[in-house]
Amino acid sequence: MRRFQEGDKDAFETLYRRYKNPIFSFFLRQYTGKDKALELTQEVFLKVVRNAQSFRHGSKFATWIFAVARNQGIDALRRAGHRKTTSLDQAASENTSPLGEKIAGDSPSPERSSARSRLQGDILGAISSLPPDQREVFLLREYHGLAFKDIAEVVDAKEGTVKSRMRYALEALRAELEGWSD
Amino acid sequence: MVGLGEDVVMSDKCKQVQDSLLELAYGELPDEEADNLRMHAAKCDGCREALEDLLLTRKLAAQLPMACFGDDLDATILGAAAEATEQRLETAERPSPRVAEIDSKPGFFEGLRALLLRPAFATATLAILVCLLGFYVVKNSAKDEQIKKELLPSQTAEPVLMEAEEEKAKAAPARDEAAPELAAVDSNREDRLAGLGDLERAESAGGERLQDDRKSDSTLASRTVGKERRRAAGRGVADILGGASSAPRPVAASKKAETANTSTPTVDDSIDGVFASPPPASDLAAGVTGTGAGGGGAFPAGAATEVMADQEMAESEEPAMAEETMASPGDFADPPAQPAASGYGAAGPTSSNELARGIDAFARGDCVSAIAHFKQVAESSASPADRAFALHHVARCEKRRGRFAPAASWYEKLLARYPSYVRRPDAMFESANCLVRLGQIDKARARLEELLAYPAWRDRARKELDRLQE
């Protein structure tokens, strides 16, 4: 990031390639559908370019970019004026089948990939059912590797609060995914 | 997941370590604490089950892969980023003279004024002042009362007073004897106080002079840059881009006088004159590069001069931005330590002083002095941005003096050593001008073709290339 601030365009490409999937995943799972997630991801990186000089190296770049992403997502939600709802027919990611298939068939598919798909669908469904504040903490910790103190900075809450939300999120997920623990 | 209130027995202490279990599950505990907690979990059913639940949930969650953004938008985003970066670099803050540094930072008094203007602070300050004043008045009045009481004669105190007076009378001769010595001490003390006052006054006068110097520098610099801008708006090409005579002009020169000063050259500085054919040797020798022929110069007089003047104005007003440009390898040797204070202000001839002086000299047309100052900056400044700026202006000064070969050489150095210099396109355009003047058309053409990569300069470069073609 320092090199990018000094005018090295290649440095930006490195950052972009490193964070584009995590940021996209975050938007997809936290806020909205695929098209909007693509648009928001694009906006985040353009914002990084425009506001690069405002990054002061006091915190990690990952913390900063996820804070930008979070704010972008919140603004988008505010503009859209609706909460994220998961449509049963909506494919939450390219690698999972629509959640509707979970209800459509009761008997498990003999194929392992089908079971995996169903598990992934269940996980997505469980994550979607979490309250937004627990969901964002869970996603940032579990899938993006941010430490609890960094998550506290991103969501602008105390570390203790972040850990509480994480505990509740894990409890809820554990309950939702009870059937997969055997 | 074992939580509070569930069936598994968990002690109060265990409830307190729930956060630690979470940290352990995510590897955020220090090794020693982690070992201790694992040992505890091995013995405590509640904690062990809680930890197992955490780890199992993590294992399940890990089955979800990261969503893939795809490559479709890569070109768009990276292209937009590249363009935005270029624009940011081109319009980024310039290295500025000290005046801009001083002006951009709020001084102590400005900050104090801003603070005092806040209502709450002002009220609190006023209240404190009133209290202090009241306390002082009360204290003094109490003291006065006490003194009055002591001085007023009272009947019961009369004998005591009488005795006191007698004692005073006895002590008087002794005191009188000591009077000359006391007087000497007193006068010495007065002399010392006077001397101290003189010293303080001298120091404060020196400080004021320093501030005055700084203010006058800043005023002069901003005034001269402002004048330069006005001149640029009113004149043709050459006065800004290299048409001025090498003799220094007074700052207050009238427009008529400026025209008179630049009316001697014989070269035709029209569009054809500048780019199509170099000027006659006699003019090069004279160091004069000609007047601007209205709006027909190779450098479109209005646009170029306004751009250059605007940029110079921007330079003077915006605060310095350290480390704006990257110094290329093989740059000057490590700048020497700043010289000790000697003369100019209390800080001595630092790089920023030299830069300010260089800009002052450049603005008033004293190219010889400007070159000396800028060279000093180019050799000794710790800031790559300032060094690049200084090199650029050495080149411009040489160009103004009609010394196109040295100017071209300085431009080459600048472009080679500072590839990220914010005014690189300007330097490239000016360098192309010099190369044409020297008859090096192919090099000039190559330079202009490089300039095509800069969106803001594309049209101008293309136009000049077409003219060279003709």
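Residues numbered from 1 in each chain as written. Chains lettered and ligands numbered in written order. Predicted model: local features only at pLDDT ≥ 70, side-chain atom pairs only at ≥ 80, totals over all residues. Heavy atoms only, no water.

## Some details on helix α20 (residues 441-451) of chain B
Residues and elements named next belong to chain B.
Right, on to step 1. Buried within α20 are the following residues: Ala 444, Arg 447, Leu 448 and Leu 451. Buried residues along α20 cover an arc of 95 degrees about the axis, so they all sit on one side. Turned more than 90 degrees off the buried face of α20, the exposed positions are Asp 442 and Lys 443. (Buried < 20%, exposed > 50% of the residue type's maximum accessible area, 1.4 Å probe, protein only. Helix = DSSP H or I, 4+ residues; strand = E, 2+ residues; numbered from the N terminus. Arc of directions from axis to C-beta.)

## Describing the nonpolar core
Right, on to step 1. Counting residues in hydrophobic clusters, the biggest one holds 78 residues, and the most contacted among them are Met 1, Phe 12, Ile 23, Phe 61, Ile 65 and Phe 138 of chain A.
Right, on to step 2. Tallying contributions element by element places helix α2 (residues 9-30) of chain A first for this core, with 10 residues.
Right, on to step 3. Setting aside its immediate chain neighbours within four residues, Ile 65 of chain A contacts Tyr 19, Ile 23, Val 44, Phe 45 and Val 48 of chain A.
Right, on to step 4. Counting 42 residues, the second-largest nonpolar core is a separate cluster that includes Ile 359, Ile 371, Ala 461 and Leu 465 of chain B. (Core = buried A, V, L, I, M, F, W, Y, C linked by side-chain atoms within 4.5 Å. Contact = heavy atoms within 4.5 Å.)

## Re the interface of chain B and chain A
Right, on to step 1. Taken together, the 41 residues of chain B in the interface contact 53 residues of chain A.
Right, on to step 2. Across the chain B-chain A interface, the total number found is 8 salt bridges.
Right, on to step 3. Between Asp 53 of chain B and Arg 174 of chain A there is a salt bridge; the shortest N-O distance is 3.5 Å.
Right, on to step 4. Our enumeration of links across chain B and chain A arrives at 18 residue pairs in polar contact (both at pLDDT 80 or more).
Right, on to step 5. Elements with a minimum of two residues in the side of chain B that touches chain A: α2 (18-25), α4 (45-61) and α5 (74-91) of chain B.
Right, on to step 6. In terms of residue count, α5 of chain B provides more of the side of chain B that touches chain A than any other element does, 12 residues in total. (Salt bridge = Lys/Arg side-chain N within 4 Å of Asp/Glu carboxyl O. Polar contact = N/O pair within 3.5 Å; in protein donor to acceptor, adjacent residues only side chain to side chain.)

## Describing the packing of helix α15 (residues 351-363) of chain B against helix α16 (residues 367-380) of chain B
All names here are of chain B.
Right, on to step 1. Direction vectors running N to C along α15 and α16 enclose 150 degrees, while the axes themselves pass 8 Å from each other. On the basis of the axis angle, α15 is roughly antiparallel to α16. Seen along the crossing, α15 lies across α16 with a hand that is left-handed. From α15, Ser 351, Glu 354, Leu 355, Arg 357, Gly 358, Ile 359, Ala 361 and Phe 362 reach across to α16, where they touch Ser 369, Ala 370, His 373, Phe 374, Gln 376, Val 377 and Ser 380. (Axes fitted to C-alpha atoms, helices over the stretch in contact; angles between N-to-C directions. Parallel < 35°, antiparallel > 145°, perpendicular 65-115°, else oblique. Left-handed = near helix turned anticlockwise from the far one by under 90°.)

## What to know about unusual backbone geometry
Right, on to step 1. Positive phi, normally seen in glycine, also occurs at Asp 156 of chain A, with a value near 60 degrees.
Right, on to step 2. In this fold, Asp 156 of chain A is placed in the loop between α8 (148-155) and α9 (159-176).

## With respect to the pattern of salt bridges
Right, on to step 1. Enumeration over the complete set of coordinates arrives at 27 salt bridges over all chains.
Right, on to step 2. Taking the shortest distance from any N to any O, the salt bridge between Asp 74 of chain B and Lys 20 of chain A comes out at 3.1 Å. One end of the pair, Asp 74 of chain B, is in helix α5; the other, Lys 20 of chain A, is in helix α2, on a second chain. Here the two residues Asp 74 of chain B and Lys 20 of chain A agree in accessibility, since each one is buried.
Right, on to step 3. Across the pair Arg 174 of chain A and Glu 178 of chain A runs a salt bridge, and its minimum N-O distance is 3.9 Å.
Right, on to step 4. Take Arg 174 of chain A: its relative accessible area is 8%, and that puts it in the buried class.
Right, on to step 5. Accessibility expressed as a relative area gives 44% for Glu 178 of chain A, which makes it partly exposed.

## Quick word on a nonpolar patch on the surface
All names here are of chain B.
Right, on to step 1. On the surface, Phe 108, Phe 109, Leu 112, Leu 116 and Phe 121 cluster together into a nonpolar patch covering about 520 Å² of accessible area.
Right, on to step 2. For the nonpolar patch, the element with the highest residue contribution is helix α7 (residues 108-117), accounting for 4 residues.
Right, on to step 3. Within the fold, Phe 108 resides in helix α7. (Patch = residues over 30% accessible without salt bridge, like charges linked within 9 Å, V, L, I, M, F, W, Y side chains within 5 Å. Areas by Shrake-Rupley, 256 points an atom, 1.4 Å probe, with all protein chains shown as cover.)

## Digging into the packing of aromatic side chains
Right, on to step 1. This structure, assessed with the given rule, holds 15 aromatic pairs over all chains.
Right, on to step 2. The interplanar angle of 40 degrees and the centroid separation of 5.2 Å between the aromatic rings of Phe 4 of chain A and Phe 12 of chain A together place this pair among those described as tilted.
Right, on to step 3. Between Phe 26 of chain A and Phe 27 of chain A, the aromatic rings sit 6.1 Å apart at their centres with planes inclined by 55 degrees, giving tilted as the arrangement. The exposure classification of Phe 26 of chain A matches that of Phe 27 of chain A, with both residues buried.
Right, on to step 4. Of the aromatic side chains, those joined through ring pairs into one cluster are Phe 4, Phe 12, Tyr 16 and Phe 45 of chain A.
Right, on to step 5. Note that Lys 413 of chain B overlies the ring of Trp 410 of chain B, its terminal NZ or CZ placed 4.2 Å from the centroid.
Right, on to step 6. One cation-aromatic arrangement involves Arg 460 of chain B over Trp 457 of chain B; the distance from NZ or CZ to the ring centre is 4.6 Å. (Phe/Tyr/Trp six-rings, centres within 6.5 Å; stacked < 30°, edge-to-face > 60°. Lys NZ or Arg CZ within 6 Å of the ring centre and 35° of its normal.)

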